[in-house]
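# A closer look at the structure
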Amino acid sequence: MHLRRIVVTAAVLFAPVSVFAARTDTWDFTGSKVPGSWDGRGWTSATPTEQGLHIITGDGGNMTRPTEWTEPVDAIRLVFGAREGVDGYFVWHRRDAGPTDFLQIPFRIDPGNPSVVTLDPASAGQWDPLADVIGISLPANTEVTLQEMSFSRPDAAEKITGAWKSFWMFDTFKNTSVNFLWGPVLRFSPTDAASLFGNGPPMGWSANRVFYAVLAAGGTLLFFLRGTLRRRFGARGPFLAFAVLSGALWIVYDLRMGAEFFSYALDDVRTYFSQPATARRFRSFDTFYADVALGKDLLQRDPAYAFLFPEGSPLPTRARYLTYPSIPITADEGVQESAKTWLVFRRPDVTVGNDNVLRQDGKELARGGGVVRRFDDTSFIYQIP
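Cut-offs applied
Residues numbered from 1 in each chain as written. Predicted model: local features only at pLDDT ≥ 70, side-chain atom pairs only at ≥ 80, totals over all residues. Heavy atoms only, no water. Helix = DSSP H or I, 4+ residues; strand = E, 2+ residues; numbered from the N terminus. Buried < 20%, exposed > 50% of the residue type's maximum accessible area, 1.4 Å probe, protein only. Contact = heavy atoms within 4.5 Å. Areas by Shrake-Rupley, 256 points an atom, 1.4 Å probe, with all protein chains shown as cover. pLDDT = per-residue confidence, 0-100. Phe/Tyr/Trp six-rings, centres within 6.5 Å; stacked < 30°, edge-to-face > 60°. Salt bridge = Lys/Arg side-chain N within 4 Å of Asp/Glu carboxyl O. Pairing = 2+ DSSP bridges. Axes fitted to C-alpha atoms, helices over the stretch in contact; angles between N-to-C directions. Parallel < 35°, antiparallel > 145°, perpendicular 65-115°, else oblique. Left-handed = near helix turned anticlockwise from the far one by under 90°. Nonpolar A, V, L, I, M, F, W, Y, C, P; charged D, E, K, R; others polar. Core = buried A, V, L, I, M, F, W, Y, C linked by side-chain atoms within 4.5 Å.

Helix and strand content of the protein: 8 helices and 21 strands. By its C-alpha atoms, the protein is 90 × 60 × 35 Å across when sized along the principal axes. When each of the 385 residues of the protein is scored for burial, the buried share is 39%. Of all intrachain contacts in the protein linking residues separated by at least 6 positions in sequence, the fraction that spans at least 24 positions is 65%. Roughly 21,000 Å² of accessible area belongs to the protein as shown, and the carbon and sulfur atoms make up 58% of that amount.

Structure below.
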């Protein structure tokens, strides 16, 4: 009787691990092929080439096609070629939804050829494994080459392996980590850390669902075995057994989160503290800390300096702290043209020509000085004597 209860409990716990054979369908766009009938909207061009479907977007848009799937899909793999990073969406239509009601999952195309994107659509919620229409959506001013789309149904072993690997995948330390420490996330299809944590909240099962299920199953089992436990360990036997189970799960959880914190420290040692001053990269700030340290004497020459940086980044507050008492002036804070010193970081649109004039997209910002310290092609300090 007890054995049957254990079997039923295990079946409930591992219900997501479907016992289906693995199968993969691939749509190949290389060799100037376009598999299926696609409906494209809003893009400047989508040209079949030997390397794949070359997509250029003046405005945001999408392309969709009917799937004609006869078997459910749990995992999706997209292969692109891209010179710059792009944020896009995988879109799908549920069979029971209205004709214009599409759902979407964000993804990130990193620079590279190939650049592989792996998706676990079931983790997003409302996924239809037999969706009748799917596609991709890309923002304005994008240029990528779509090489391949593949759709698969992992078997039971692959799902278990995927969940185990994703449990031990760590996020990278970012500005938002103090507020959003996601913890272990489970995906039941092959994935990597970039696709798991690359776009806001990770999509997947919180490992807490499994921990709570194990606690509930363990508590239920101990309830039925309470008589045996009391005879062997006394009246407190069932409670002690439940405490041991809870403690064991806590230790596993603590090891997992401790390992993540330790990985942050190891990454800092590997990319910053163990590197020479000119090659140090600090977390999501790239080489900013190292560049400011190398140019601090120049930036502190005057009470203030102009600062050009990637739009939307939190670097001004960092610069204010690192170069105090000198204050960075951003375009939103005041007139930069009067500044004698300019810190330019990761701005390929800002250049200094042979005439030593500082320009942004051809517009003159300052003249009469020159580059006094260059960190790379897009980062330097320009100073007027």
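Right, let's talk about the confidence of the model for the protein for a bit. Residues at a pLDDT of 70 or more form 92% of the protein, whose mean pLDDT is 87. Helix α1 (residues 2–13) is the least confidently modelled element of the protein, averaging 47 in pLDDT, while strand β10 (residues 133–138) averages 96, the highest of any element. Contacts of residues 1–20 to residues separated by more than four positions or lying in other chains number 21 contacts, the stretch itself having pLDDT below 50.

As a further point, take the packing of aromatic side chains. Counted by the stated rule, this structure contains 27 aromatic pairs. Geometrically, the ring pair formed by phenylalanine 29 and tryptophan 38 is tilted, given 5.9 Å between the ring centres and 50° between the ring planes. Of the two residues examined, phenylalanine 29 and tryptophan 38, each falls in the buried class. When the centroid spacing of 6.4 Å and the interplanar angle of 35° are considered together, the rings of phenylalanine 167 and phenylalanine 211 count as tilted.

Applying the stated criterion across every chain, the model contains 21 salt bridges. The partner of aspartate 74 in a salt bridge is lysine 159, with the nearest N and O atoms 3.4 Å apart. Remark: lysine 159 occurs in helix α2 (residues 156–167) and aspartate 74 occurs in the loop between β5 (61–66) and β6 (75–82); sequence separation between them is 85 residues. Note on aspartate 74: relative accessible area 15%, which makes it buried. Classification of lysine 159 by relative accessible area gives buried; the value is 5%. Put simply, aspartate 267 and arginine 270 hold a salt bridge, and the shortest N to O gap is 2.5 Å. Residue aspartate 267 and its partner arginine 270 are located together in helix α6 (residues 237–273), separated by 3 residues, close to a single helical turn. Residue classification places aspartate 267 among the partly exposed residues on the basis of a relative accessible area of 28%. Here the salt bridges share partners, and the residues they tie into one network are Arg281, Asp286, Arg346 and Asp376.

Moving on to the sheet that holds β10. The pairing of strands in a sheet happens through backbone hydrogen bonds and is either parallel or antiparallel. Taken in spatial order, the 5 strands line up as β2-β5-β10-β7-β8 in an open sheet, and their pairing is antiparallel. Two strands in the sheet have a free side with no partner beyond their single neighbour: β2 (39–41) and β8 (102–109). Pairwise comparison of adjacent strand axes, ignoring direction, gives a mean angle of 20° for this sheet. The pairing of β5 with β10 spans 6 bridges and is classified as antiparallel. Bridge assignment links glycine 61 to a residue of β10, and that residue is leucine 138.

This part covers the sheet that holds strand β18 (residues 358–360). Taken in spatial order, the 3 strands line up as β17-β18-β19 in an open sheet, and their pairing is antiparallel. The open sheet terminates on both sides in strands that have one partner only, identified here as β17 (350–352) and β19 (363–366). Looking at each pair of strands side by side, their axes are set apart by 35° on average, direction ignored. Bridge count between β17 and β18: 3 bridges; the pairing is antiparallel. Across the sheet, valine 352 pairs through a bridge with leucine 358, a residue of β18.

With that settled, consider unusual backbone geometry. Leaving glycine aside, a negative phi is the common case for residues, and trans is the common case for peptide bonds. Of note, the bond from asparagine 113 into proline 114 is cis; its omega dihedral lies within 30 degrees of zero at 5°. Within the element layout of this structure, proline 114 appears in strand β9 (residues 112–119). Cis geometry marks the peptide bond from tyrosine 324 to proline 325; its omega dihedral reads 15°. One can find proline 325 in the loop between α8 (315–322) and β15 (327–329). The residue asparagine 141 is not glycine, and still its phi comes out positive at about 60°.

Running from N to C, helix α4 (residues 207–224) and α6 cross one another at 165°; their axes reach a closest spacing of 10 Å. It follows that α4 is roughly antiparallel to α6 by the angle criterion. Note on packing geometry: the crossing formed by α4 with α6 is right-handed. For the pair α4 and α6, contact is made by Asn208, Phe211, Val214, Leu215, Gly218, Gly219 and Leu222 and by Pro238, Ala241, Phe242, Leu245, Ser246, Leu249, Val252 and Tyr253, respectively. For the contact of α4 with α6, the per-class residue count stands at 11 nonpolar, 4 polar and no charged.

The subject of this paragraph is the nonpolar core. Grouped together as the largest cluster of nonpolar side chains are 30 residues, with contacts concentrated most on Phe90, Ile134, Ile136 and Met149. For this core, the secondary-structure elements that each account for two or more residues are β4 (53–57), β6, β7 (86–93), β8, β9, β10 and β11 (142–153). The next biggest cluster of nonpolar side chains, apart from the first, holds 18 residues, and it includes Phe282, Ala319, Phe375 and Ile381.

This brings us to the pairing of β4. Here β4 shows a buried face lined by Leu53, Ile55 and Thr57 and an unburied face lined by His54 and Ile56. Pairing of strand β3 (residues 45–48) with β4, which is carried by 4 bridges, proceeds in the antiparallel orientation. Residue pairing for β4: proline 48 is matched across the bridge by leucine 53. Pairing of β4 with β11 involves 5 bridges; the strand directions are antiparallel. Looking across to β11, one finds that threonine 57 is bridged to threonine 142.

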